[in-house]
Amino acid sequence: VNTWKHPLGIPPPSEKDWPKEDEDFFLLDPDRKRDVLPQPFRMISKLVMQVFESAMEIIERREMLREAQKLKVQPQKCFPTAEFQVNERANCLAVSGKYVFVGLSVGLAAFSTCDFKDVCAWDAAKTEICAIHALDLGNECHVLLAVDEMGLAWLFCFHKESFLLVKILNEVEDISQRSTCVEVVLPRGGDYAGILLQGNTKAWLEIYQLPKDSWLTEMEKNAGAAEELACSERRSSCSPEVGTFVLQELPASAIQADVELDPPVLLLTVRPPKPITGTSFKDPLDALKKVDDGSMLGLGYNHLIKDSQWELQEAIFRSTYQEYLEAEGVVKEEIPRYATFHFLLPSRILMGPEMEVQPDIPVGIGVHWDGNHNFCLYLLNHSLTEKVDSDLKPDVVWPCAAPIACSAVSSCSRYLALAGEDATITIWDKHLGYPLSVTAILEERFIRSIHFL
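Residues numbered from 1 in each chain as written. Predicted model: local features only at pLDDT ≥ 70, side-chain atom pairs only at ≥ 80, totals over all residues. Heavy atoms only, no water.

Trainee: Explain the pattern of salt bridges to me, please; I cannot follow it from the model alone.
Mentor: Pairs can form between side chains of opposite charge once their charged atoms are near each other. Considering all chains together, one arrives at seven salt bridges under this definition. Measuring nitrogen to oxygen at the nearest pair gives 3.6 Å for the salt bridge that ties Lys126 to Asp123. For Lys126, a relative accessible area of 57% corresponds to the exposed category. Among the residues examined, Asp123 registers a relative accessible area of 37% and is labelled partly exposed. The shortest N-O distance in the salt bridge between Arg318 and Glu314 comes to 3.1 Å. Of the two residues, Arg318 and Glu314 are both situated in helix H6 (residues 307–320); the distance of four residues between them amounts to about one turn of the helix. For Arg318, a relative accessible area of 38% puts it in the partly exposed group. (Salt bridge = Lys/Arg side-chain N within 4 Å of Asp/Glu carboxyl O. Buried < 20%, exposed > 50% of the residue type's maximum accessible area, 1.4 Å probe, protein only. Helix = DSSP H or I, 4+ residues; strand = E, 2+ residues; numbered from the N terminus.)

Trainee: How do you make sense of the pairing of strand S17 (residues 374–379) when you look at a structure like this?
Mentor: Within a regular strand, side chains alternate between the sheet's two faces. In terms of residue burial, S17 counts as a mostly covered element, since six of its six residues are buried. Going residue by residue along S17, you find Asn374, Cys376 and Tyr378 tucked away on one face and Phe375, Leu377 and Leu379 tucked away on the opposite face as well. Bridge count between strand S16 (residues 364–369) and S17: four bridges; the pairing is antiparallel. When the bridges of S17 are listed, Gly366 appears paired with Leu377. Between S16 and S17, which follow one another and run antiparallel, lie four residues, and Gly371 among them has a positive phi close to 75 degrees. The sheet contact formed by S17 and strand S18 (residues 396–399) spans four bridges and is antiparallel. Paired with Leu377 across the bridge in S18 is Val396. (Pairing = 2+ DSSP bridges.)

Trainee: Which parts of the structure should I look at to understand the confidence of the model for the chain?
Mentor: A low pLDDT means the predicted coordinates there should not be read in detail. Across the chain, pLDDT averages 79, with 75% of residues at or above 70. Mean pLDDT across the secondary structure elements of the chain bottoms out at strand S13 (residues 244–245), with 30, and peaks at strand S10 (residues 192–198), with 94. The low-confidence segment residues 233–255 (pLDDT under 50) makes 15 contacts with residues lying over four places distant or belonging to another chain. (pLDDT = per-residue confidence, 0-100. Contact = heavy atoms within 4.5 Å.)

Trainee: Looking at this model, I keep getting lost on unusual backbone geometry. Mind explaining?
Mentor: Not every positive phi belongs to a glycine, and Phe116 is a case in point at roughly 55 degrees. Positionally, Phe116 belongs in the loop between strand S3 (108–112) and strand S4 (118–122). For Phe116, a relative accessible area of 30% gives the class partly exposed. A positive phi angle, close to 55 degrees, is found at Lys126, a residue other than glycine. Among the structural elements, Lys126 can be located in the loop between S4 and strand S5 (129–138).

Trainee: Teacher, can you tell me more about the sheet that holds strand S22 (residues 434–440) here?
Mentor: Picture the strands of a sheet paired through backbone hydrogen bonds; they go either parallel or antiparallel. With antiparallel pairing, the four strands of this open sheet are ordered in space as S19-S20-S21-S22. Single-partner strands in this sheet number two, and they are strand S19 (404–409) and S22. The average undirected angle you get between the axes of adjacent strands in this sheet is 20 degrees. (Axes fitted to C-alpha atoms, helices over the stretch in contact; angles between N-to-C directions.)

Trainee: Before we go on, may I ask you to explain the packing of aromatic side chains in this structure?
Mentor: Aromatic ring pairs are defined here through the distance separating the ring centres and the angle between the ring planes. Scanning the entire structure with this criterion turns up 15 aromatic pairs. Taking the centre distance of 5.1 Å and the plane angle of 70 degrees together, the rings of Tyr99 and Phe158 count as edge-to-face. Highlighted residues: Tyr99 in strand S2 (residues 99–104) and Phe158 in strand S7 (residues 153–159), separated in sequence by 59 residues. Across the pair, Phe158 and Tyr99 agree in class, each one buried. With a centroid separation of 6.1 Å and an interplanar angle of 65 degrees, the aromatic rings of Phe101 and Phe163 are classed as edge-to-face. Here Phe163 lies in strand S8 (residues 163–168) and Phe101 lies in strand S2, a separation of 62 residues in the sequence. When sorted by exposure, Phe101 lands in the same class as Phe163, which is buried. An aromatic cluster is defined as three or more aromatic residues linked by ring pairs; in this entry it consists of Tyr99, Phe101, Trp122, Trp154, Phe156, Phe158 and Phe163. (Phe/Tyr/Trp six-rings, centres within 6.5 Å; stacked < 30°, edge-to-face > 60°.)

Quick look at the structure:
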């Protein structure tokens, strides 16, 4: 039997006993293993790592954006509940009451919002309708103002599913004198209509009064006559032998073909302000005689500045700012050809002491022309005392520090917003006649439109 004289133990380590093949594995830094590779492989490895790092950054950024998007309120998606087909190309549409009026490449079409079926169509003139405005007058009567491709303004009355042409507002016999309609406004209530016309070298604004009361009366009479005619047709088509009735319905267009409605009445013709020139007055008394009422500001025509003074002032201005004028170029002042206008309800500014007005019917209009500093207000009863073709003077003038770029009137017609070309917005209380607030937008900004919410 063999026995150990001494207990077994672990021998001490010795460097001589280490395996040679594992020496590099334990002593070398793992990150330095790439340095052993040849130069092309190291460059490729570095580029691959950069690609992976950039990809991870993009993925993390997109994940952050996706999480932030989930926290936002998502807009509600709306899908169409019904649709209606048109035979021609649709250019524009307007909604009034339970009807949808569509301007087509050839005429007009009316659709019912109840069943979305074609109710009536008008293509007598074979003209393309480019813009359309509609308003409900009540008693199933609607007024439509359409503009065709030639700039003609067509006034229609839609009643009992039939189009009735009232008048072409800017129709003339001489084609060379034809004007183009560029803007149409129909105020609430349908008592008035305004159109902006442009000729070859000038522009003007025409305001019409719509005789809607006579239209409604004529429509009621026509409806009664149509019912009597239908009753007589039913009685004549009665068959006594069988004891049944054959009901025959006449089309509404045939029944209303002979209806003649009263044309609209031209109330105002507003022309753009003329450039201010030298005075022709000899003394201040002559200038004061031209002022009708000293309680309002005018357009600046009644002054005592002579032509020589204007020329001297112009020469001083050009000599002082010659370098700036040469850099930007001088634009010659021209008569404006575009205007923005609003129908205004009664207020202290537009109401006289003895005027009898209704709160929901406009009593005046507010107009400002492109590049002009003045916002002009006109009463709608000028036709009683002045000629339509005469140069109309504004009843109230609100001057602004900068040319007016755009304007807006609130739904209650009390507040007026004027935005100047200097990016300044002024809110006026039209009833009291003073500004409520003035807001300056950032510099080098141009305000193109403004709206009340």
